[in-house]
Structures are given as C-alpha cells and as structure tokens.
Amino acid sequence: SDPRGVNTPRRFLLEWLSFLHRYVPVGCIGEGHVPQRMNERPPPLMCGRSDLETVMASANAEDWVKISEMLLGPVGDDFKFEPKHKANSYAKAA
C-alpha cells in the first residue's frame, strides 16, 4: 500500500489508543481499588501482566506509535502524532 493508505488506519489506531489507555483492567490495579470509581486515575507506575499490556497502558504517545509499528510497519520520517483526547485529570503535573 501507499503511505497514505497505511497512515489512515495508523492515525485511527493511535487516536483509539489515546482514548483507551485510561481504562485499566481490574486485575492490574490491585485488590485495594475494587470497585473502581469513574474518576480514579491508574497507578503511576502500573505494570501490566505482560510487556505489551504495560505499553498499551502507557500515557506516552511514542509508546502508541511503537504499537502501531508492530501492526502496520515502520512509520515514515515525516509522521507526527499529537493526541486529540486530553483529559485534564491525566495532565502531567508541572
């Protein structure tokens, strides 16, 4: 496929990961946090049950690009991704 044909699903995947990374499986947050509250943040240094799950829960957009490279091949030099979904409850403290 051409770069445009690959970058369209890549951008969709990255936007979906930017939205989905906030939802953490109950098994990963520990027994002390069940039941979850809607506005509760994931633990700061959460480790998933596998390396892939840890990367998927990352708030770093570069990790999501690595996931897209696993599925769709390497990105081009001119590819840049800025997530649209930014909840202020997940903003990094300055």
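Right, let's walk through the structure included here. (Residues numbered from 1 in each chain as written. Predicted model: local features only at pLDDT ≥ 70, side-chain atom pairs only at ≥ 80, totals over all residues. Heavy atoms only, no water.)

1. Considerations on the packing of helix H1 (residues 3–20) against helix H4 (residues 61–72)
Counted only if it meets this: Orientation is described by axes fitted as lines to C-alpha atoms, over the contacting stretch for helices, and by angles from 0 to 180 degrees between their N-to-C directions. Where helices and strands are cited, they refer to DSSP runs of H or I of at least four residues and of E of at least two residues respectively, numbered from the N terminus. For classification purposes, an angle smaller than 35 degrees is called roughly parallel, one larger than 145 roughly antiparallel, one from 65 to 115 roughly perpendicular, and anything else oblique. Working rule for handedness: look at the near helix, and if it is turned counterclockwise from the far one by less than a right angle, call the crossing left-handed; if clockwise, right-handed. The contact rule is simple, with two residues in contact once any of their heavy atoms fall within 4.5 Å. Residues are grouped as follows: Ala, Val, Leu, Ile, Met, Phe, Trp, Tyr, Cys and Pro are nonpolar; Asp, Glu, Lys and Arg are charged; all remaining types, including Gly, are polar.
For the pair H1 and H4, the least separation of the axes is 10 Å and the interaxial angle reads 140°. One finds that H1 runs oblique with respect to H4. Relative to H4, H1 is oriented so that their crossing is right-handed. Together, Val6, Pro9, Arg10, Leu13, Leu14, Leu17 and Ser18 of H1 and Trp64, Val65, Ile67, Ser68, Glu69, Leu71 and Leu72 of H4 make up the contact between the two elements. Within the contact of H1 with H4, the residues separate by chemical class into ten nonpolar, two polar and two charged.

2. Considering H1
For clarity, the threshold we go by: A helix is expected to span 1.5 Å for every residue after the first. Whether a residue is buried, partly exposed or exposed follows from its accessible area with a 1.4 Å probe, protein chains only, as a fraction of its type maximum: under 20%, in between, or over 50%, in that order.
In a regular helix each residue adds 1.5 Å, so 18 residues correspond to 26 Å; H1 covers 25 Å between its end C-alpha atoms and thus fits that length. Among the residues making up H1, those that are buried are Arg10, Leu13, Leu14, Glu15, Leu17 and Ser18. Looking at the buried side of H1, the elements it contacts are helix H3 (51–56) and H4.

3. Some words on H4
Each α-helix winds once per 3.6 residues, and so residues spaced three or four apart point in a common direction. For the record, the criterion: Under this definition, polar contacts are N or O atom pairs within 3.5 Å; protein pairs additionally need one hydrogen-donor-capable and one acceptor-capable atom, and for neighbouring residues in sequence, both atoms have to be side-chain atoms.
Between its first and last C-alpha atoms H4 spans 16 Å; for twelve residues at 1.5 Å apiece the expected length is 16 Å, and the two agree. Burial in H4 covers these residues: Ala61, Asp63, Trp64, Val65, Ile67 and Ser68. Buried residues along H4 sit in contact with H1 and H3. The N-cap of H4, judged by a side-chain oxygen 3.1 Å from the amide nitrogen of Glu62 a few residues on, is Asn60. Downstream of H4 by one or two residues, Gly73 has phi in the positive range, about 90°.

4. Side note on the packing of aromatic side chains
Rules: Pairing of aromatic rings covers Phe, Tyr and the six-membered ring of Trp, with a centre-to-centre limit of 6.5 Å; geometry is then stacked below 30 degrees between planes, edge-to-face above 60, and tilted otherwise.
Inspection of every chain in the model, using the stated rule, returns one aromatic pair. Relative to Phe81, the ring of Trp64 has its centre 6.5 Å away and its plane inclined at 70°; by these criteria the two rings are edge-to-face. Of this pair, Trp64 sits in helix H4 while Phe81 sits in the segment after H4, and the two are 17 residues apart along the sequence. The same class applies to Trp64 and to Phe81, which are both buried.

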